Amino acid sequence: MSLKAFHIVFITASVLLAFGFGAWSLVGYSDYGRTADLIYGVSSVAIGIGLITYGRYFLKKLRDISYL
Amino acid sequence: MEIPYNHEARPDTGLYNAKVGVWLFLASEVMLFGALFSAYILLRVGADPGTWPHGLLNIPIGTFNTAVLITSSVTVVLGWAALQMGNFGAYRKYQAVTILCALGFLGIKSFEYKDKFGHYEVWLKEPVTVKHGDKEVKTDRLLGHIDYNGAHPYFWKTETLAAKKVESFKFAPDPYHYTMSMKEMAHAKKVAAGHKHEEIEIKSSQVKRLSAFVPAHSTFFAIYFTLTALHGLHVLGGALVIAYIWGPGAKLWKTNPVQYTNRVEISGLFWHFVDLVWIFLFPVIYLL
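Residues numbered from 1 in each chain as written. Chains lettered and ligands numbered in written order. Predicted model: local features only at pLDDT ≥ 70, side-chain atom pairs only at ≥ 80, totals over all residues. Heavy atoms only, no water.

**Some points on the pairing of strand 1 (residues 120-132) of chain B**
Two faces make up the sheet, and in a regular strand the side chains alternate between them.
Residues and elements named next belong to chain B.
Here comes step 1: Judged from the 9 bridges that link them, strand 1 and strand 2 (residues 135-147) form a sheet pairing that is antiparallel. Paired with Thr129 across the strands is Lys138, a residue of strand 2.
Here comes step 2: Inspection of the sheet shows strand 1 paired to strand 5 (residues 207-212) by 5 bridges, in the antiparallel sense. Within strand 5, the residue paired with Tyr120 across the bridge is Ala212. (Pairing = 2+ DSSP bridges. Helix = DSSP H or I, 4+ residues; strand = E, 2+ residues; numbered from the N terminus.)

**Points about the environment of Leu100 of chain B**
Here comes step 1: Here Leu100 of chain B lies in helix 3 (residues 88-117).
Here comes step 2: With 26 residues separating them in the primary sequence, Leu100 of chain B and Val74 of chain B have C-alpha atoms 13 Å apart.

**Some thoughts on the interface of chain A and chain B**
Many structure descriptions define interface size as the accessible area lost when the parts assemble.
Here comes step 1: Counting from both sides, the interface comprises 25 residues of chain A and, opposite them, 34 residues of chain B.
Here comes step 2: Taken together, the two surfaces of chain A and chain B that pack against each other cover about 2,700 Å², and 81% of this comes from carbon and sulfur.
Here comes step 3: A per-residue breakdown of the area chain A buries against chain B is headed by Leu3, Phe6 and Phe10 of chain A, which together make up 26% of the total.
Here comes step 4: At the boundary of chain A and chain B, one finds 0 salt bridges.
Here comes step 5: Linking chain A with chain B are 4 residue pairs in polar contact (both at pLDDT 80 or more), by the criterion used here. (Contact = heavy atoms within 4.5 Å. Buried area = accessible area lost by both parts, 1.4 Å probe. Salt bridge = Lys/Arg side-chain N within 4 Å of Asp/Glu carboxyl O. Polar contact = N/O pair within 3.5 Å; in protein donor to acceptor, adjacent residues only side chain to side chain.)

**A closer look at helix 5 (residues 182-192) of chain B**
Here comes step 1: Listed as buried for helix 5 of chain B are Met185, Ala186, Ala188 and Ala192 of chain B. Along the axis of helix 5 of chain B, the buried residues cluster in a sector spanning 165°; they form a single face.
Here comes step 2: For helix 5 of chain B, the secondary structure elements touched by its buried residues are helix 1 (3-32) of chain A together with strand 1 of chain B.
Here comes step 3: Phi turns positive, to about 85°, at Gly194 of chain B, one or two residues after helix 5 of chain B. (Buried < 20%, exposed > 50% of the residue type's maximum accessible area, 1.4 Å probe, protein only. Arc of directions from axis to C-beta.)

**Examining the domain arrangement of chain B**
All names here are of chain B.
Here comes step 1: Each assigned domain of chain B is listed here: domain 1 (18-44 + 55-116 + 218-287) and domain 2 (119-212).
Here comes step 2: Placing a centre on the C-alpha atoms of domain 1 and another on those of domain 2 gives a separation of 36 Å.
Here comes step 3: On the domain 2 side, the residues contacting the 6 residues of domain 1 number 9 residues.
Here comes step 4: Summed over both partners, the interface of domain 1 with domain 2 buries about 580 Å², with 50% contributed by carbon and sulfur atoms.
Here comes step 5: At the junction of domain 1 with domain 2, the criterion picks out 0 salt bridges.
Here comes step 6: Across the domain 1-domain 2 interface, the total number found is 4 residue pairs in polar contact (both at pLDDT 80 or more).
Here comes step 7: Tallying contributions element by element places helix 3 first for the side of domain 1 that touches domain 2, with 3 residues. (Domains from an automatic or database assignment.)

**Things to note about the side chain of Glu112 of chain B**
Residue and element names in this part refer to chain B.
Here comes step 1: Structurally, Glu112 is set in helix 3.
Here comes step 2: Assessed through its relative accessible area of 2%, Glu112 is described here as buried.
Here comes step 3: Among the polar contacts listed, one links the side chain of Glu112 to the side chain of Lys109, at a separation of 2.9 Å.
Here comes step 4: When residues no more than four places from it in sequence are discounted, the contact partners of Glu112 are Asn58, Ile61, Tyr224 and Tyr286.

**Structural notes on the sheet that holds strand 2 of chain B**
Residue and element names in this part refer to chain B.
Here comes step 1: Read across the open sheet, the 5 strands follow the order 4-3-2-1-5; overall the sheet is antiparallel. The sheet is open, and its two borders are formed by strand 4 (200-203) and strand 5, each paired with just one other strand. Pairs of neighbouring strands in the sheet enclose a mean axial angle of 65°, with direction left out of account.
Here comes step 2: Here strand 3 (residues 168-173) pairs with strand 4 via 4 bridges, running antiparallel. Bridged to Ser168 within strand 4 is Lys203. (Axes fitted to C-alpha atoms, helices over the stretch in contact; angles between N-to-C directions.)

**Looking at the pattern of salt bridges**
Here comes step 1: Throughout the structure, instances matching the rule amount to 6 salt bridges over all chains.
Here comes step 2: Residue Arg34 of chain A pairs with Asp37 of chain A through a salt bridge whose shortest N-O separation is 3.0 Å.
Here comes step 3: Judged by relative accessible area, which is 5%, Asp37 of chain A ranks as buried.
Here comes step 4: The salt bridge partner of Lys109 of chain B is Glu112 of chain B, with a shortest N-O separation of 2.9 Å. Pair noted here: Lys109 of chain B and Glu112 of chain B are both in helix 3, with a separation of 3 residues, about one helical turn.
Here comes step 5: The exposure class assigned to Lys109 of chain B is buried, which follows from its relative accessible area of 6%.

In structure tokens form, the structure reads like this:
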């Protein structure tokens, strides 16, 4: 597996973490009403979307490099 | 005699030697971290209800460090991609950011460790009354910071009180304890936010046990420091290798650019593994 393929695995895990942490924070906000949780939740979801956009850009940029 | 497939890919597998080597090494690393993760999870689910410390780690700092490591993985791969396109200058810039991110991560982690080494739990022989959020509670276990002659000491334990002949010390209790539920703890923190903690005087004769948040404090901190320190050592090792290839090792680019690019890829694979470990470590240790 090349660095390109491993990077895709890593970005996928990071996207899942970003959405998971976002959900965790938003649940925390609805339970305890802490503003910080709302900020973390919204920022995390935004970062998750940003990482998906980056992933698409990365795949396009490195389309000629092997996955091996 | 030249070693075959040292930098060119073997036709049947499509891999050069170092790539096979690094994946074998990473497989052994998966077993190492996997064993520690399993130990953490089994200890956690096996703990008696209400005894497992929670809510003691700094989530904003942990989140920031996660973002730092994700950034470093992006720059490491963009640096490698720049080399593939023959752009050595761009590679140098991207890898410089990677090294800075690694140093930033370690610096922030050291700050987090320092904070833990000066944060205490004290077990008392007789309960005292303290404020937990908006409630007054009688408790014989307090979390907080020691103030001894105007200083905030680190690494004190029960024996330190006798060794330093401390008769009494001031203690600023936190408005919560980890035996509280998540909801109670969150409420207590919210109520106490912005208020100064009132210090209480504790006589050494009243102290049953005193411990900073160090591995000896509890199973939680033992496994927390084991996992995060081992991960930190990997970050340091990876950063040193990347810095060597980026700095003194860069001469190889002029004589053998293919082998140099391969070296960058191998260090990048290790770096991604280290970052992936953190992606699992962060939610398991900080959030659950």
